[in-house]
Amino acid sequence: METPTFPDPDVRLARLAAAVGLPAEWPPTEEFLDGLARRTGLHVHDLMLVADLPLPETAWLFDETAGASSSLVSRSLALPADGRRLLRARARSLTAPAGTLAPWQPRPYERYPEGFGSLLLRMLALRNLNWSGTAKAMCLMSGVCKAASTIGAVGRGAKPLDAEMLDGFAATLGVPVAVLAGLTGVPHPSADGREPAPEVADTAGLIREIRHLTSDQERGLTAYADELGTD
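Everything in this summary refers to the structure shown in the same document. (Residues numbered from 1 in each chain as written. Predicted model: local features only at pLDDT ≥ 70, side-chain atom pairs only at ≥ 80, totals over all residues. Heavy atoms only, no water.)

With that out of the way, let us pick up the overall build of the protein. Scanning the protein from terminus to terminus reveals 12 helices and 2 strands. Along the protein, from the amino end to the carboxyl end, the secondary structure elements read α-α-α-β-α-α-β-α-α-α-α-α-α-α. What you see for the protein is a C-alpha radius of gyration of 17 Å, in line with the 17 Å of a compact globule of 231 residues. Counting all 231 residues of the protein, 50% fall into the buried class. (Helix = DSSP H or I, 4+ residues; strand = E, 2+ residues; numbered from the N terminus. Rg over C-alpha atoms; globule rule 2.2 N^0.38 Å. Buried < 20%, exposed > 50% of the residue type's maximum accessible area, 1.4 Å probe, protein only.)

In structure tokens:
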């Protein structure tokens, strides 16, 4: 399958707008990005990556030993709706202690050429997910189970995006696959606007909500999810 070309930022943003029935706007205003985020399910920071706009430095502050573990993801997926709501509320109430986060420094192998694969991996990096974390979360959330090296190959452009990989990325980001199909131009037989399952959408939200927490805080949330699962 031929890899779709990587268009300019205005075209990329216009593709996302078209995928959700919004008129394109360039340069994008804050109001436009907010509306596009609500319609697509992506975060404004994701859209700023799409548009090649600079992100605030705080967006890249992480505890690199943290991020959503497979234990937390699996427990979140298994909880009923009320349990997921309580877990996300607990996550939102937490703040990392001062001095525990540091600016993300991509490793040499995380410096990708331009392309849709690298754009999607940068969105996941904004969620403090590396190749391994992405592979584990993707497998649990979508059933698309790939090696971490395969995730990296997508970022480098060595493995083209296809319908299966779009399913995996859409679930991990918590967006309809039609949104990513519209953005990337990759054909998808089910790109009909279908929303992610509620437990998948909530878990994707949780992954983003804990991006600036520490590993200790992540472990505490996993323990709390265990408690919720036994109630």
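What follows deals with the pattern of salt bridges. This model, assessed by the stated rule, comprises 12 salt bridges. In the salt-bridge network here, residues are joined through shared partners; they are Arg84, Arg88, Arg92, Asp202 and Glu209. (Salt bridge = Lys/Arg side-chain N within 4 Å of Asp/Glu carboxyl O.)

A few words on a negative patch on the surface. Taken together, the side chains of Glu25, Glu30, Glu31 and Asp34 define an acidic patch exposed on the protein surface. Turning to its location among the elements, Asp34 is positioned in helix α2 (residues 30-40). (Patch = residues over 30% accessible without salt bridge, like charges linked within 9 Å, V, L, I, M, F, W, Y side chains within 5 Å. Areas by Shrake-Rupley, 256 points an atom, 1.4 Å probe, with all protein chains shown as cover. Lys, Arg positive; Asp, Glu negative; His and termini not counted. Charge placed at Lys NZ, Arg CZ, Asp CG, Glu CD.)

It is worth spelling out the packing of helix α1 (residues 9-19) against helix α10 (residues 177-184) at this point. Relative orientation and spacing of two packed helices are given, respectively, by the angle between their axes and the distance between those axes. Where α1 meets α10, the axes come as close as 8 Å, and the angle between the chain directions of the two elements is 145 degrees. At the point where α1 passes α10, the crossing takes the right-handed sense. Every residue of α10 that contacts α1 at Arg12, Arg15, Leu16 and Ala19 is listed here: Ala178, Val179, Gly182, Leu183 and Thr184. Along the lines of polarity and charge, the residues of the contact of α1 with α10 split into 5 nonpolar, 2 polar and 2 charged. (Axes fitted to C-alpha atoms, helices over the stretch in contact; angles between N-to-C directions. Left-handed = near helix turned anticlockwise from the far one by under 90°. Contact = heavy atoms within 4.5 Å. Nonpolar A, V, L, I, M, F, W, Y, C, P; charged D, E, K, R; others polar.)

Let us now look at the packing of aromatic side chains. Aromatic rings in a pair are described by how distant their centres are and how their planes are angled relative to each other. Under the defined criterion, the tally for this structure stands at 4 aromatic pairs. On the basis of an interplanar angle of 90 degrees and a centroid distance of 6.5 Å, the ring pair of Trp60 and Phe62 is categorised as edge-to-face. You'll find Trp60 and Phe62 in the same group, each marked buried. Connected via pairs of aromatic rings, a cluster forms that spans Trp60, Phe62 and Trp104. Note that Arg90 overlies the ring of Tyr224, its terminal NZ or CZ placed 3.7 Å from the centroid. (Phe/Tyr/Trp six-rings, centres within 6.5 Å; stacked < 30°, edge-to-face > 60°. Lys NZ or Arg CZ within 6 Å of the ring centre and 35° of its normal.)

Glancing now at helix α6 (residues 116-125). Most of α6 sits out of view: 9 of its 10 residues are buried. Those residues of α6 not exposed but buried are Phe116, Gly117, Ser118, Leu119, Leu120, Leu121, Met123, Leu124 and Ala125.

As a further point, take the packing of helix α7 (residues 131-142) against helix α8 (residues 148-156). In the contact formed by α7 and α8, the axes pass within 8 Å of each other and the chain directions differ by 110 degrees. As judged from the angle between their axes, α7 and α8 are roughly perpendicular. Every pair of crossing elements has a handedness; the one defined by α7 and α8 is right-handed. From α7, Trp131, Ser132, Thr134, Ala135 and Met138 reach across to α8, where they touch Ala148, Ile151, Gly152 and Arg156. When its residues are assigned to classes, the contact of α7 with α8 shows 5 nonpolar, 3 polar and 1 charged. (Parallel < 35°, antiparallel > 145°, perpendicular 65-115°, else oblique.)

Our next topic: the environment of Glu110. Locating Glu110 in the fold gives a position in the loop between β2 (102-103) and α6. Residues Glu110 and Val179, 69 residues apart in the sequence, show an inter-C-alpha distance of 24 Å.

Before going further, it helps to examine helix α12 (residues 215-230). For α12, with 16 residues, the first-to-last C-alpha span of 23 Å sits near the 22 Å given by 1.5 Å per residue. Of all the residues in α12, the buried ones are Ser215, Gln217, Glu218, Leu221, Thr222, Tyr224, Ala225 and Leu228. Residues of α12 that are buried make contact with α4 (70-78) and α5 (81-93). (Expected span 1.5 Å × (residues − 1).)

So yeah, pure geometry; function would need other evidence.
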